Amino acid sequence: MKTMGIYIHIPFCNSKCAYCDFVSAVRTDDEKAEYFNRLKEDISEFSRNEATNDRVVDSIYIGGGTPSCVDAGYIADTLGALRSAFDVSANAEISIEANPESLTAQKAKAYAAAGVNRISMGLQAASDELLAAIGRRHTVADFVRSADIAQSLFPEVSADMMLGLPGQTVRDCERTVKLIAGRGFTHVSAYALKVEEGTPLAASGYVPDADYSADLYDRVSEMLRDFGFEWYEVSNFAVPGHECRHNLRYWRRGEYLGFGVSAHSFFNDERFAVTSDFNAYLAGEGVTERRYIPPDGEEAAEETIMLALRTREGLDLKNFTADFGRDLLSERKGQAELLKEGGYIETDGERLRLTEKGLYVMNDIIVRLAM
């Protein structure tokens, strides 16, 4: 049987961070209750689509927003609804995002009892000053407390960190890596800060220095290697064998369904998205964008190249030829030879990968090979 993933969007937070432009907000208890009722209706309705009958769900990711800021009963009920609606594998990877200030032992135990086996902790920086500057509600001490809880209950624990924050130094990043990896976490997501329009950080006029952010990434990558991590996607590092299955599904262009406001899906060669209007969603509005992508067409080929080159495993050239009837290295021979000579890509004839040097000009390489 085919496998697929499921993403659940929880659009609630206790406060909004200065850099965040995700669909999330502070809401009332009544709005939260209404939202989860609507979410379960969506799950039930889609499960009646016969196209899912030959799919097994082997990854579920509950993100946001801040899933840990709502009552854990909502999370358990939602997972129950998914199991009732779909064929969820007994060994499915089930992940949830949590913020240090809102994760309690009671919530974590409820998640584990409901089948969650992977938790992603939103640390961002091991500095109380930096955390306060970007509007985070937690302190480093809160992270340590919540990490103790998480590591006592879940076999897989990850942490997020951000690069290029206002006033962030190399030493700040080193402290963050030491805190995460030194505790025995097996997965780290290291994201370069992108200042989005309409956020308080954008209003402040702050613009990250791209070259400096790259330097921070270099140092973080180096330290994580020393701790036994390997990068498997541009922003994601794991101890081998502990990569996030759900993340890899996106980069391998696998199928997934997204439920909740603003959630995206890729299923049956269609990409579709739910409305981003919270009130419209509660009122019954669902998918507002839908696009069919011919599986052997140019757009599918471009997506395949773009997504695969973000990963350490790279592009499977034989599969690409089988799927699209094209020999990419022959078709783009001139560009490929220049990129290889420049040390930006490498190939063994079976796979095409970016080198670490190539990571920093990834978008340009994708344009040269895919567009």
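Above this text is the structure in question.
Throughout, a residue's number is its position along its own chain's written sequence, starting from 1. Predicted model: local features are reported for residues with pLDDT of at least 70 only, side-chain atom pairs are reported and counted for 80 or more only, and whole-chain, interface and lining totals are derived from all residues. Calculated side-chain values reflect all of the structure's heavy atoms, with hydrogen atoms and water omitted.

1. Observations regarding the overall build of the protein chain
By the criteria applied, helices consist of DSSP H or I runs no shorter than four residues and strands consist of E runs no shorter than two, each listed in order from the N terminus. Scanning the protein chain from terminus to terminus reveals 16 helices and 15 strands. We compute the radius of gyration from the C-alpha atoms alone; for a globule the expected value is 2.2 Å times N to the 0.38, where N is the number of residues. Against the 2.2 N^0.38 benchmark of 21 Å for 371 residues, the protein chain shows a C-alpha radius of gyration of 21 Å, consistent with a compact globule. Only protein chains enter the accessibility calculation, which uses a 1.4 Å probe; a residue whose area is less than 20% of its type maximum is buried, one above 50% is exposed, and one in between is partly exposed. Sorting the 371 residues of the protein chain into buried and exposed places 52% on the buried side. Here a residue-residue contact requires only that any non-hydrogen atoms of the pair lie within 4.5 Å. Restricting the contact set of the protein chain to residue pairs at least 6 apart, pairs at least 24 apart contribute 69%. Computed with the Shrake-Rupley method and a 1.4 Å probe, the accessible areas treat only the protein chains shown as cover for residues. Of the roughly 16400 Å² of accessible surface on the protein chain, a fraction of 48% belongs to carbon and sulfur atoms.

2. Thoughts on the layout of surface pockets
Rolled over the atoms, a probe with the dimensions of a water molecule shows which regions are left empty. Site definitions follow a grid-based scheme: protein atoms alone, a 1 Å grid, a 1.4 Å probe that fits but cannot get out for cavities, and for pockets an open set with protein on both sides within 12 Å along at least five of seven lines, plus lining residues having an atom within 4 Å of a point. Grid points are joined across faces, edges and corners, and a volume is the space filled by probe spheres set on the points. Empty space within the second largest pocket amounts to approximately 400 Å³. If you go around the second largest pocket, you meet 20 residues; those closest to its centre are Arg 252, Arg 253, Thr 304, Asn 319 and Asp 323. At the level of secondary structure, the elements contributing two or more residues to the lining of the second largest pocket comprise helix H11 (298-308), strand S13 (315-316) and helix H12 (317-324).

3. Quick word on the pairing of strand S4 (residues 118-124)
Burial analysis of S4 places seven of its seven residues in the buried class, which makes it a mostly covered element. Every second residue of S4 is oriented toward a common face, with Arg 118, Ser 120, Gly 122 and Gln 124 on one face and Ile 119, Met 121 and Leu 123 on the other, all of them buried. Two strands make a pair as long as DSSP finds a minimum of two bridges between them. Two elements, strand S3 (residues 88-98) and S4, share four bridges in a ladder whose sense is parallel. What sits directly across from Glu 97, in S4, is Ser 120. Sheet topology note: the S4/strand S5 (residues 156-163) ladder contains six bridges and is parallel. When the bridges of S5 are listed, Arg 118 appears paired with Glu 156.

4. Side note on the packing of helix H14 (residues 333-341) against helix H16 (residues 362-370)
Helices that pack against each other are described as a pair by the angle of their axes relative to one another and the distance between those axes. Put simply, H14 and H16 touch, their axes get as near as 9 Å, and they point 150° apart. It follows that H14 is roughly antiparallel to H16 by the angle criterion. Here H14 contributes Gln 335, Ala 336 and Leu 339 to the contact with H16, which in turn contributes Ile 365, Arg 368 and Leu 369. Of the residues contributing to the contact of H14 with H16, the split by class is four nonpolar, one polar and one charged. Helix axes are fitted only over the stretch in contact, all axes being lines through C-alpha atoms; the angle between N-to-C directions runs from 0 to 180 degrees. By the definition adopted for this analysis, an angle is roughly parallel if under 35 degrees, roughly antiparallel if over 145, roughly perpendicular if from 65 to 115, and oblique otherwise. Under the convention adopted here, Pro, Cys and the residues Ala, Val, Leu, Ile, Met, Phe, Trp and Tyr are nonpolar, Asp, Glu, Lys and Arg are charged, and Gly plus all remaining residues are polar.

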